[in-house]
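Here is how the chains run, residue by residue.
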Amino acid sequence: MPSGGVLNYARPQMDTTTSRRVPLVMGIAVPVLLLDQATKFWAESALTGRAPIPVLGEFLQLRLLYNPGAAFSIGAGSTWIFTIVAAVAVVLLARYGMQPQTRLRASALALMLGGATTHLLDRLFRPPGFARGHVVDFLDYNGWFVGNVADIALVCGAILLVLLSFTPTKQPAE
């Protein structure tokens, strides 16, 4: 019993330390990375040399491409720049993802961290060479663009962050 014989029933301060975010962020980012790399491995083994395979007619097809650039193959001759940008993004997303914040915001950052990390790994270790590697894309969306699982995670994380920006700011919850 505290001094003075009075019980203190106040709610304890929530622990919002970085260590509490590690399991959440890694629990999302690592599966995104593993799923993306596994599907890229599958795509290379199953789709190499094949014509596009319709999944939902022409709206969604499986078609293997190697992307040296960014979205829509922009900047194909500057792969090394995208490697640097991806490395910076991974560091910033990891840093912000581990900071005290709501679970939803940390989850959004973790989705983006997983996607950015797997793209960085492609840039670092895939042909044609270190820091110049091409990203494996295989999901063709009606000919508008071709992407992969990491792209889906990046877009979903970004959309979630935008949606969260419209909600009132609350204290980080555990």
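Residues numbered from 1 in each chain as written. Predicted model: local features only at pLDDT ≥ 70, side-chain atom pairs only at ≥ 80, totals over all residues. Heavy atoms only, no water.

Side note on the overall build of the chain
No. 1: Looking only at helices and strands, one finds four helices and four strands in the chain.
No. 2: Tracing the chain from N to C terminus, the helices and strands come up as α-β-β-α-α-β-β-α.
No. 3: Split into buried and exposed, the 174 residues of the chain put 36% on the buried side.
No. 4: In the chain, once contacts between residues fewer than 6 apart in sequence are set aside, the share between residues at least 24 apart is 65%.
No. 5: Of the roughly 10400 Å² of accessible surface on the chain, a fraction of 69% belongs to carbon and sulfur atoms. (Helix = DSSP H or I, 4+ residues; strand = E, 2+ residues; numbered from the N terminus. Buried < 20%, exposed > 50% of the residue type's maximum accessible area, 1.4 Å probe, protein only. Contact = heavy atoms within 4.5 Å. Areas by Shrake-Rupley, 256 points an atom, 1.4 Å probe, with all protein chains shown as cover.)

Let's talk about the environment of leucine 56
No. 1: Tracing the backbone through its elements, the reader meets leucine 56 in strand β1 (residues 53–56).
No. 2: Remark: the alpha-carbon pair of leucine 56 and tyrosine 141, spanning 85 residues in sequence, is separated by 9.7 Å.

Looking at the nonpolar core
No. 1: Core analysis: the largest hydrophobic core is formed by 17 residues, its most contacted members being Val25, Val90, Leu93, Leu113, Leu120 and Leu161.
No. 2: Broken down by secondary-structure element, the contributors of at least two residues to this core are α1 (18–47), α2 (79–97) and α3 (103–125).
No. 3: Among the elements that make up this core, the one with the highest residue count is α3 (nine residues).
No. 4: Not counting chain neighbours up to four residues away, the residues in contact with leucine 120 comprise Thr83, Ala86, Ala87 and Val90.
No. 5: Counting residues in each nonpolar core, the second largest holds seven residues, with Leu62, Leu64, Val136 and Leu139 among its members. (Core = buried A, V, L, I, M, F, W, Y, C linked by side-chain atoms within 4.5 Å.)

Some words on the packing of α3 against helix α4 (residues 149–164)
No. 1: Contact geometry of α3 with α4 gives a least axis separation of 8 Å together with a crossing angle of 150°. Classified by the angle their axes make, α3 and α4 are roughly antiparallel. The way α3 lies across α4 gives a crossing that is left-handed. Residues Leu104, Arg105, Ala108, Leu109, Leu111, Met112, Gly115, Ala116, Thr118 and His119 of α3 form the contact with α4, whose participating residues are Ala150, Asp151, Ala153, Leu154, Cys156, Gly157, Ala158, Leu160, Leu161 and Leu164.
No. 2: Looking at side-chain class alone, the contact of α3 with α4 contains 14 nonpolar, four polar and two charged residues. (Axes fitted to C-alpha atoms, helices over the stretch in contact; angles between N-to-C directions. Parallel < 35°, antiparallel > 145°, perpendicular 65-115°, else oblique. Left-handed = near helix turned anticlockwise from the far one by under 90°. Nonpolar A, V, L, I, M, F, W, Y, C, P; charged D, E, K, R; others polar.)

Digging into the side chain of glutamine 101
No. 1: With respect to the helices and strands, the residue glutamine 101 is situated in the loop between α2 and α3.
No. 2: Of note is the side chain of glutamine 101, whose polar atom sits 3.4 Å from the backbone oxygen of glycine 97.
No. 3: A polar contact is formed between the side chain of glutamine 101 and the side chain of arginine 105, at a distance of 3.2 Å. (Polar contact = N/O pair within 3.5 Å; in protein donor to acceptor, adjacent residues only side chain to side chain.)

Structural notes on the UniProt feature "active site" (unreviewed entry) in the chain
No. 1: Look at the UniProt record and you will see "active site" (unreviewed entry) annotated at Asp137 and Asp151.
No. 2: Its location among the elements puts aspartate 137 in strand β3 (residues 135–141).
No. 3: Within the secondary structure layout, aspartate 151 lies in helix α4.
No. 4: Not counting chain neighbours up to four residues away, the residues in contact with aspartate 151 comprise His119 and Asp137. (UniProt positions renumbered as here; feature names shortened; annotations may be inferred.)

Some details on the side chain of aspartate 122
No. 1: Turning to its location among the elements, aspartate 122 is positioned in helix α3.
No. 2: Engagement of the side chain of aspartate 122 in a polar contact is seen with the side chain of lysine 40, the distance being 2.3 Å.
No. 3: Setting aside chain neighbours within four positions, we find aspartate 122 in contact with Gln37, Lys40, Gly133, His134, Val135 and Val136.

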